[in-house]
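The lines below spell out each chain.
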Amino acid sequence: MAQSTAKYNFLYESPTGQLSVCIDEGSITKIIWLDQAILATTETSPSKLINKKLKRKIISVLDDYFESGLIEPEISLRPQGTLFQKKVWQALKRIPSGAVKTYGDVAKELHSSSRAVGQACRRNNIPLFIPCHRVVAAKGLGGFMGGYRHVERKRWLLQHEGIL
DNA sequence: TATATATTGTTGT
DNA sequence: ACAACAATATATA
């Protein structure tokens, strides 16, 4: 059958905590750690509308990632953002597993500034698939998920990928 | 070495 | 128009 057009989400238990994965028309639109969000009940639809094939695929990709540290970005993503943000996120997806860039590096690539890149990173809706955790400050780790409060998670991910 | 200030591009109000 | 920011380079002691 054609892909479900329903907007729905499901939960995934990861070593870093419970993730909520939101999907709309066959694409991932948002991933958040549950303690971040007040929730997504409005985005949940009855299970009969769920495209089970897509769901299984996403779960298997996440399983692989938390197993090996390698992410397989063959899943359709639909982030919403400005043109500049999309350019940044596009650049992030080109960072291979096991590598990191600084905000300054990415900025140079886009002829922008490090601070602007940070702004774009913080508004990334799809962590893991868009590897915003692979962008660090020139000295130190930089922030994660909007502030400095969740750098633990960032450190965990980088450690998991063999950096640090 | 450490701390302060200047400069920076993009975004939200 | 303006203030805020997941930064960084430069000055100052």
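Preceding block: the structure.
Residues numbered from 1 in each chain as written. Chains lettered and ligands numbered in written order. Predicted model: local features only at pLDDT ≥ 70, side-chain atom pairs only at ≥ 80, totals over all residues. Heavy atoms only, no water.

Student: Would you explain the side chain of K154 in this entry?
Tutor: By the element assignment, K154 lies in helix α5 (residues 151-160). One buried charged residue, K154, forms no salt bridge at all, with the nearest opposite charge on E161 at 11 Å. Side chain to side chain, K154 and Y103 meet in a polar contact 3.4 Å long. There is a polar contact of 2.9 Å between the side chain of K154 and the backbone oxygen of G143. Setting aside anything within four residues of it in sequence, one finds K154 in contact with Y103, H133, V135, V136, L141, G142, G143 and F144. (Helix = DSSP H or I, 4+ residues; strand = E, 2+ residues; numbered from the N terminus. Buried < 20%, exposed > 50% of the residue type's maximum accessible area, 1.4 Å probe, protein only. Lys, Arg positive; Asp, Glu negative; His and termini not counted. Salt bridge = Lys/Arg side-chain N within 4 Å of Asp/Glu carboxyl O. Polar contact = N/O pair within 3.5 Å; in protein donor to acceptor, adjacent residues only side chain to side chain. Contact = heavy atoms within 4.5 Å.)

Student: Help me out: how do you make sense of α5 in this one?
Tutor: Given 3.6 residues per turn, any residue in an α-helix points the same way as the ones three and four places further on. Within α5, burial applies to V151, R153, K154, L157 and L158. What you see down the axis of α5 is that its buried residues fit within an arc of 155°, all on one side. Facing away from the buried side of α5 by more than 90 degrees, the exposed set consists of E152 and Q159. Looking at the buried side of α5, the elements it contacts are β3 (27-33), α1 (52-68), α3 (103-109) and β5 (135-136). Just past α5, the residue G162 takes up positive phi, approximately 90°. (Arc of directions from axis to C-beta.)

Student: Can you walk me through the protein's contact with DNA strand B in this structure?
Tutor: Around DNA strand B, the neighbouring residues are T82, F84, Q85, S112, S113, R115, A116, Q119 and R123. Taken together, the sugar and phosphate atoms account for 91% of what DNA strand B places within 4 Å of the protein. Here a sugar or linking oxygen of DNA strand B and a side-chain polar atom of S113 are 2.7 Å apart. A distance of 3.2 Å separates a phosphate oxygen of DNA strand B from a polar side-chain atom of R123. Of all the elements in the fold, those that place two or more residues in the surface near DNA strand B are α2 (83-93) and α4 (114-122). Here the surface near DNA strand B takes three residues from α4, the largest share from any one element. Looking at the surface near DNA strand B, its residues break down into two nonpolar, five polar and two charged. (Near = heavy atom within 4 Å. Nonpolar A, V, L, I, M, F, W, Y, C, P; charged D, E, K, R; others polar.)

Student: Looking at this structure, I do not really get the protein's contact with DNA strand C. What am I missing?
Tutor: Around DNA strand C sit 16 residues, and of these Y103, Q119, C121, R122 and A138 come closest. Restricting the count to atoms of DNA strand C within 4 Å of the protein gives a sugar and phosphate share of 53%. The backbone of C121 places a nitrogen or oxygen atom 2.8 Å from a base nitrogen of DNA strand C. Between a phosphate oxygen of DNA strand C and a side-chain N or O atom of R122, the distance comes to 2.5 Å. When contributions to the surface near DNA strand C are tallied by element, the ones reaching two or more residues are α3 and α4. The leading source of residues in the surface near DNA strand C is α4, at six residues.

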